[in-house]
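Chain by chain, the residues:
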Amino acid sequence: MNDSTTTHAPGTPATFGNGASPATTLVPTPSGAPGVIPAQTTDRALPLRRSTEIQGDILAGFRKDHVRLLLLTFGNQRGARGWLDRLRHRIATTRDVAAFNAAFSRARHNSAGDDPSGLRSVWRSVSFTHDGLTLLIGGAPCADVPRGSTQEAFAQGMAKRAELLGDTGQNDPAHWLFGGRQNAPVHAVLTVAADRSEELSAALAHEREEIARQGLAVAFEQNGATLQGERRGKEHFGFKDGISQPAVAGFDEPDPEHPEYQRGKPGTRIIAAGEFVVGHLTDHRLPSWLPEWMNDGSFHVVRRLAQDVPGWWAQVADQLRALRERGAVPEEATTEWLAARLVGRWRSGAPVAKYPDADVTAAPGAEPDNDISFDGDFEGRVTPLCSHIRKVNPRDGLTVDEAAQEPLALKGALDGRRIMRRGIPYGLPFDPAGGAGNGPDAPRGLLFVSYQADLIAQFEFVQRTWVDSGDFPSREKPVGRDAMIGREGVVSFPTGGAEGGDPVELSLRQFVRTEGAVYAFAPSLSALERLAKGTVPVGGGPAADRVLTAVRTLQRGEVVSTRKARLRFEADGDLVVRDENETERWRAGAAGLGAVRAELRADGRLVLADSEGGAVWSAPAEPSPGSTLEVLTDGDVLIRAADGTVLWSTGTAR
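Our subject in this report is the structure included herewith. (Residues numbered from 1 in each chain as written. Predicted model: local features only at pLDDT ≥ 70, side-chain atom pairs only at ≥ 80, totals over all residues. Heavy atoms only, no water.)

Observations regarding the sheet that holds strand β23 (residues 615-619)
Pairing between sheet strands relies on hydrogen bonds along the backbone, with the strands arranged either parallel or antiparallel. For clarity, the threshold we go by: Think of it this way: DSSP has to see at least two bridges between two strands before they count as a pair. Counting from the N terminus, the helices are the DSSP runs of H or I reaching at least four residues and the strands are the DSSP runs of E reaching at least two. For helices, the fitted axis covers only the stretch in contact; all axes are lines through C-alpha atoms, and the angles between them, taken along N-to-C directions, range from 0 to 180 degrees.
Read from one edge to the other, the open sheet built from 4 strands follows the order β16-β21-β22-β23, with strand pairing classed as antiparallel. Looking along the sheet, the strands with just one partner apiece sit at the ends: β16 (552-554) and β23. Across this sheet, the average inter-strand angle for adjacent strands is 20 degrees, counted without regard to direction. Bridge analysis of β16 against strand β21 (residues 597-600) gives 3 bridges, and the strand direction is antiparallel. Its bridge partner being in β21, R552 is matched across the sheet by L600.

Right, dumping it as structure tokens:
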């Protein structure tokens, strides 16, 4: 939804160089000449814009008006590999899409905001579920699957993790249209996106022929389309969507005066590329150490979220009456006023933080306002803590509890939670005066699509710990779940405006339901070729030693694994080594001593530190700058001095 997905904007085509890339379907311009766009001259400081390895939807974004997802079931390995070997030449790369999007934006700017009719294309991307990769490879894609890792989440799939994610009750997988046990298995997700519906139809016809030829079947089809007219760029509840997207280091140009932010887009932070693409630098987390063939790929989340539009707006009106009866809102408050606070933005996308009293109309062609600060509104008196945009992206206004004096840092703490959203509405708008397709019971909602390098630390963290938690952030009076997309429950709503009074409780029902979901993985172009040729090794290849240099930190739940040895900083504050069966082999003995993180410090010591930075446990006894922490394939964990001397070991080699 707003600030949690990106609605595909007016068609953004794809062409590259002096001719069409194999991944590009060019549509003739009115003059009959192909709409080929010259290669863009790109700053060498932005190498990811030139990537021919990363699939184009991940960083650049297709941004098409018409999208169809074909959720596919493989027949057998030979047919699946044959299909992929032909398909991979049609998959769009980041270079394709970035060059096209830049040309489209320039043409739109030069035409005062009108879409350039001669620039159109069709894009394709593909991802695979764990079962799909297992069939393609002939065995598990990852041999090392530590408990609590993104590998485990991927292997299990979303249906098996439904209770963790809040997919219970109305959201239960038993009711899903795809991804549940009762549904046909999903092995691959083929995304086809186009500027015009007729171009999409032609491309889909070709893809269906290819699918049938190789013995694959379509398990489910999910359409998506940008809403038209005054609803353009909005989701079905009526709010401007896709405003808060992260920028990416190495892809987006930094602001010269504020290099942590994107040039020309105030408020848009530049996030480390490794948060979205496997094998690149991350913001602060340890790498997942996925198999080498997964580098330049990204985990793909697909969720169909049904929206009950009249139900949601009726609830807003009901709650406004209840608030008025308690004298908890200004006399002039309207349903639009309350809805804006539950979302955090007005319908136009204008943030309540800047415009608390009324919506504003942006200038034609202006960038949506993403320059928002919650600094000074830590208790959510202006933008409620339960509002959608604060639940999915707390920005600079997150104090984890009421006693905290400073908000949590963005870099090194919150930046690593961002995900890349590529959502789009599906279904016709609710319109009581329209036909059956516009009625209250017609299917409509949001196709939530996101890319991230770590399912646990990014998508699942946001969904479990923020959106679906009634205790985030922690307050004496519970904040409640996300007031827009959350399950039913009680939320804490502020009274008295910026000056503040005691918050009151609102009982909210659920009007957004999960109707299908899958986890998939979008490999690089080289990996697609290897998967098609059958050269990806079962299990991902041999295990390797993990060597960490200072300064490194393990947060709760993080693990460094080499199959035989899994070094994990556990939830009880202890440091533990477990084997490939998760059997405990060694423990530091620091449970309950108040450790909040494990650190390999510059002085060469491994330290379990409390909230003040004090050591509750450390090894070795004496400092040795330049030492490394090593987790070895033989099962041992040790600290080695710069001269090669082993200073300390868990003695767990086998």
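Observations concerning the side chain of D96
As a reminder, the rule being used: Here's how the labels work: a residue is buried when its accessible area is under 20% of the maximum for its type, exposed when over 50%, partly exposed in between, all with a 1.4 Å probe on protein chains only. Working convention for charge: Lys and Arg count positive, Asp and Glu count negative, and His plus the chain ends are omitted. Whenever a carboxyl oxygen of Asp or Glu lies within 4 Å of a side-chain nitrogen of Lys or Arg, that contact is scored as a salt bridge.
Residue placement: D96 occurs in helix α3 (residues 94-110). Buried and unpaired, D96 has no salt bridge, with R95 as the nearest side chain of opposite charge at 5.1 Å.

Regarding the sheet that holds strand β24 (residues 628-631)
The 4 strands are arranged β15-β24-β25-β26 in an open sheet whose pairing can be described as antiparallel. Two strands lie at the open edges of the sheet, namely β15 (546-549) and β26 (646-649), each paired on one side alone. On average, each strand axis in the sheet is tilted by 20 degrees relative to the strand beside it, whichever way the strands run. Pairing geometry for β24 and strand β25 (residues 637-640), over 4 bridges, is antiparallel. Bridge pairing in β25 links T628 to R640.

As for the pairing of strand β3 (residues 121-128)
Of all 8 residues that make up β3, 8 are buried, and the element is covered over most of its length. Alternating positions in β3 separate into two faces, S121, W123, S125 and S127 on one and V122, R124, V126 and F128 on the other, with burial throughout. By the bridge criterion, 7 bridges tie β3 to strand β4 (residues 188-194) in an arrangement that is antiparallel. By the bridge assignment, R124 is partnered in β4 with V192.

Re helix α13 (residues 525-533)
To keep things clear, this is the line we draw: Note that the arc is defined by the directions from the helix axis to the C-beta atoms. Contact criterion: two residues are considered in contact whenever any of their non-hydrogen atoms come within 4.5 Å of each other.
Of all the residues in α13, the buried ones are L525, A527, L528, L531 and A532. Down the axis of α13, the buried side of the element spans an arc of 155 degrees, and every buried residue falls inside it. Lining the buried residues of α13 we find α2 (77-87), β3 and α4 (130-137). Immediately beyond the C-terminal end of α13, within one or two residues, lies G534, with a positive phi of roughly 75 degrees.

Considering the packing of aromatic side chains
Put simply, the rule reads: When the centres of two rings from Phe, Tyr and Trp lie within 6.5 Å, Trp using its six-membered ring, the rings pair. Their planes under 30 degrees apart give stacked, over 60 give edge-to-face, and anything left gives tilted. Charges are assigned to positions over rings by a cutoff of 6 Å between ring centre and Lys NZ or Arg CZ, combined with an angular limit of 35 degrees from the ring normal.
Overall, the coordinates contain 21 aromatic pairs when judged by the stated rule. The interplanar angle of 65 degrees and the centroid separation of 6.5 Å between the aromatic rings of W337 and F493 together place this pair among those described as edge-to-face. Of this pair, W337 sits in helix α9 (residues 335-343) while F493 sits in strand β12 (residues 489-495); the two residues are 156 residues apart in sequence, bridging distant segments of the chain. No difference in accessibility class separates W337 from F493, as the two residues are buried. Put simply, the rings of F62, F100, F104 and W123 touch in pairs and so form one group of aromatic residues. The lysine or arginine in question, R49, covers the ring of F251, its NZ or CZ lying 4.4 Å from the ring centre. Over the face of the ring belonging to Y261 we find R269, whose NZ or CZ atom lies 5.2 Å from the ring centre.

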